[in-house]
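Residue strings, one per chain:
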Amino acid sequence: MDNDLHLVKETLKGNQVSFRVLVERYRDYVFTISFKVLNNREESEEAAQDAFLKAYRGLARFEQRSKFATWLYQIAWRTAIDRLRARPPKAMSVDEGSIALQLPDAADSPAQQLHRKTIRAFTHQALSCLKPEDAALLTLYYLNEQSVKEITVITGQTESNVKVRLFRLRDAMKNQLMRMLKSEVKEIANG
Amino acid sequence: MNVQELLWKYAEGRCCPKERVEVEQLTSQNAGLQQDLAIIRKVQATLTTMELEQPSMRFVQQVMEHLPKRHFAAEPLIKPFWKKTFWIALAASMVAVFFSTATGNAVADPVGQYAGAVLAAVNVALEAVPPMVLQYFVLVILTFVILAVLDKTLSLRKHMNFF
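These notes cover the structure that comes with them. (Residues numbered from 1 in each chain as written. Chains lettered and ligands numbered in written order. Predicted model: local features only at pLDDT ≥ 70, side-chain atom pairs only at ≥ 80, totals over all residues. Heavy atoms only, no water.)

1. Remarks on the overall build of chain A
- Within chain A one finds 10 helices and 0 strands.
- Relative to its full complement of 191 residues, chain A shows a buried share of 52%.
- For chain A, the proportion of contacts with a sequence separation of at least 24, taken over those separated by at least 6, is 64%.
- Approximately 9,600 Å² of chain A is accessible, and the part contributed by carbon and sulfur atoms is 49%. (Helix = DSSP H or I, 4+ residues; strand = E, 2+ residues; numbered from the N terminus. Buried < 20%, exposed > 50% of the residue type's maximum accessible area, 1.4 Å probe, protein only. Contact = heavy atoms within 4.5 Å. Areas by Shrake-Rupley, 256 points an atom, 1.4 Å probe, with all protein chains shown as cover.)

Rendered as structure tokens:
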């Protein structure tokens, strides 16, 4: 966005109001990336703030080779991943040869089961059960319609790696949903 | 590309016409693939309508409060031309005051008769200036010196900053 570049230039001149506009514009995206990686609101908020501060300090190094948003998401991604790596791992990744989805047992109350029996709820549940890095990758792909190329810049992975991971993650979600919704699958297929 | 990848590509609308026909043929002949495609479309629709998470209300304020301090002046407070002019004028004034004092005390004129006449004229002019004007003049000089020092300090800070 050209307007972003203008705001960056103004910030570099010492105009902090311009930076505030950038923070207001991208706070939700940056926070969502952090949240998908860290899965903890408090920690994600700290990570998102940290990302903005890093961006502010490094603004002079922004060379405009990518969009400002891509550059900012890259910082947010790295900040969140660094925090995540400081924690012990919880879920398995698709890279570890097993599907990372671990949906909870259907031992909830009837009301909760009824609520969960929608594709949307199941998908969100499936997404939250992914390894944080994988969930964030899917979020980046769908949330702000980032292209695979932009995701390679943000995550530092190769294009083929991103493509393979995206396919495997989505396919894992689909298979899990099919297993959970055995009875409804035919109805869904019939529209 | 395997069939499943093709189905995802189809659901995203990224298939070329040839691939589209291929997917439509496959799904019309195979009920399993038809179910796969239906689920893929549902997952796709959910993922594309994902909502953004929102940080707390004070998020922006907190970021702004933690920003490091920057230099306030992008340009020097006093332009180099005026700085040079000021220092030359100040030096000239000091020389004039020194020699006018010296001639007033009947010390031997070190720069000859002509210079002595000029300095005598400066001395007379200074005596003619009301004391209030001289006070203002001193005040202007002091302000200028303070600005020059401030300028230098800010410039040093700028170099110590992140940029």
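Next comes the rest of the account.
2. Notes on the packing of helix α1 (residues 3-11) of chain B against helix α3 (residues 31-48) of chain B
Residue and element names in this part refer to chain B.
- Following both chains from N to C, one finds α1 and α3 inclined at 45°, their axes separated by 9 Å at the closest point. Relative to α3, α1 is oriented oblique. As for the relative orientation of α1 and α3, their crossing is right-handed in sense. On the side of α1, the interface is formed by V3, Q4, L7, W8, Y10 and A11, while α3 contributes L33, D36, L37, I40, R41, V43 and Q44.
- When the residues that make up the contact of α1 with α3 are grouped by side-chain class, the tally is 9 nonpolar, 2 polar and 2 charged. (Axes fitted to C-alpha atoms, helices over the stretch in contact; angles between N-to-C directions. Parallel < 35°, antiparallel > 145°, perpendicular 65-115°, else oblique. Left-handed = near helix turned anticlockwise from the far one by under 90°. Nonpolar A, V, L, I, M, F, W, Y, C, P; charged D, E, K, R; others polar.)

3. Quick notes on helix α3 (residues 41-57) of chain A
- Its 17 residues give α3(A) an end-to-end C-alpha distance of 24 Å, which sits within 8% of 24 Å, the value for a rise of 1.5 Å per residue.
- Taken residue by residue, α3(A) has A:E43, A:S44, A:E45, A:A47, A:A48, A:Q49, A:A51, A:F52, A:L53, A:A55 and A:Y56 as its buried positions. (Expected span 1.5 Å × (residues − 1).)

4. Details of the nonpolar core
Residues and elements named next belong to chain A.
- One finds F19, Y26, V30, F52, F68, W77 and L138 to be the most contacted residues of the largest nonpolar core, which totals 72 residues.
- Broken down by element, the residue count for this core peaks at 11 residues, all from helix α4 (residues 68-85).
- Discounting residues that sit within four places of it in the chain, V30 has contacts with A48, A51, F52, L72, Y73 and A76. (Core = buried A, V, L, I, M, F, W, Y, C linked by side-chain atoms within 4.5 Å.)

5. Side note on the packing of helix α2 (residues 16-38) of chain A against α4(A)
All names here are of chain A.
- Contact pair α2 / α4: the axes reach a minimum separation of 9 Å and the direction vectors enclose 35°. Taken as a pair, α2 and α4 cross one another with a handedness that is right-handed. Where α2 approaches α4, its residues L22, Y26, Y29, V30, I33, S34, V37 and L38 are matched on the opposing element by F68, A69, L72, Y73, A76, W77, A80, I81, R83 and L84.
- Of the residues contributing to the contact of α2 with α4, the split by class is 16 nonpolar, 1 polar and 1 charged.

So far we have only geometry, and geometry alone does not tell us how the molecule works.
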